[in-house]
Amino acid sequence: MELDSSTSASWADFDPALGEILLTSTQIQEKIAKLGDVIAKDYRNRSLLMVGVLKGALFFIADLARAVNLPVEVDFMAVSSYGVTTKTSGVVRIVKDLDLDLTGKDVLIVEDVVDSGLTLSYLVRNLRARNASSVEVCALLVKDGMQPDGLEVSYTGFVIPRVFVVGYGLDLAERYRNLPHIAVYKG
């Protein structure tokens, strides 16, 4: 059976591990447009480099970069702290580093979800040590009450409950990234 807009079937009908839709595609795109407007105002007359955290932020950074009405540079890092489980391992490692020099640039880390804050705290420290003019964070999702003290997210899309979510770039063992919405993973 093919899943398209003419059928009433949902992704959950094909995969019982998927729970409720937490954020629809429309909600996500509306929030990204608002974030893009604010970021464009804040970074006017500055040299903005958006750093996407792969692979989860791929869809988010693509849509966000188009929503920011300024010339921007884009680069990517890949880091790992999850592996194939729904819990962080507690160890962050860089899998793919940046290609661009950060010296004198205003860096905006674009993250899919801030969970424990471990990965993001590591990235902020790492990128600040590379002589950037500034390093700020934009996260599509921030899990409620789970970030360590001192971790600042300058731009937040949505605050969500402490549940494991998939879709719109977020995955479990590389599955579910292509969902057009964000859903709770029930397992």
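Conventions and cut-offs
Residues numbered from 1 in each chain as written. Predicted model: local features only at pLDDT ≥ 70, side-chain atom pairs only at ≥ 80, totals over all residues. Heavy atoms only, no water. Phe/Tyr/Trp six-rings, centres within 6.5 Å; stacked < 30°, edge-to-face > 60°. Helix = DSSP H or I, 4+ residues; strand = E, 2+ residues; numbered from the N terminus. Buried < 20%, exposed > 50% of the residue type's maximum accessible area, 1.4 Å probe, protein only. Lys NZ or Arg CZ within 6 Å of the ring centre and 35° of its normal. Core = buried A, V, L, I, M, F, W, Y, C linked by side-chain atoms within 4.5 Å. Pairing = 2+ DSSP bridges. Axes fitted to C-alpha atoms, helices over the stretch in contact; angles between N-to-C directions. Contact = heavy atoms within 4.5 Å.

**Digging into the packing of aromatic side chains**
For any pair of aromatic rings, the description consists of the separation of the ring centres together with the inter-plane angle of the planes.
Then step 1. For the structure shown, the criterion picks out three aromatic pairs.
Then step 2. Centroid distance Phe 164 to Tyr 185: 6.3 Å. Interplanar angle 75 degrees. Geometry classified as edge-to-face. In this pair, Phe 164 sits in the loop between strand E7 (155-160) and strand E8 (165-166) while Tyr 185 sits in strand E9 (residues 182-185), placing the two residues 21 residues apart along the sequence. Grouping residues by exposure puts Phe 164 and Tyr 185 together as buried.
Then step 3. The ring of Phe 158 carries the charged tip of Lys 31 above its face, separated from the ring centre by 5.3 Å.

**Section: the nonpolar core**
Then step 1. In this structure, Ile 39, Phe 60, Leu 64, Leu 141 and Ile 182 are the most contacted members of the largest nonpolar core, which totals 28 residues.
Then step 2. Elements supplying a minimum of two residues to this core: helix H2 (25-42), strand E2 (48-54), helix H3 (58-67), strand E5 (106-114), strand E6 (134-143) and E7.

**A closer look at the sheet that holds E5**
Pairing between the strands of a sheet is mediated by backbone hydrogen bonds and can be parallel or antiparallel.
Then step 1. Taken together, the six strands give an open sheet; going across it, the order is E4-E3-E2-E5-E6-E7, and neighbouring strands pair in mixed fashion. The outermost strands of the open sheet, each flanked by one partner alone, are strand E4 (93-96) and E7. Each strand of the sheet is rotated relative to its neighbour by a mean of 30 degrees, with strand direction disregarded.
Then step 2. With six bridges joining them, E2 and strand E3 (residues 73-80) adopt parallel strand pairing. Residue pairing in the sheet places Leu 49 in a bridge with Glu 73 of E3.
Then step 3. The strands touched by H3 within the sheet are E2, E3, E5 and E6, with E2 carrying the most contacts at an inclination of about 160 degrees.
Then step 4. In the packing of helix H4 (residues 118-128) onto the sheet, contacts are made with E2, E3, E4, E5 and E6, and the angle to E5 comes to roughly 170 degrees.

Nothing here speaks to function; it is all geometry.
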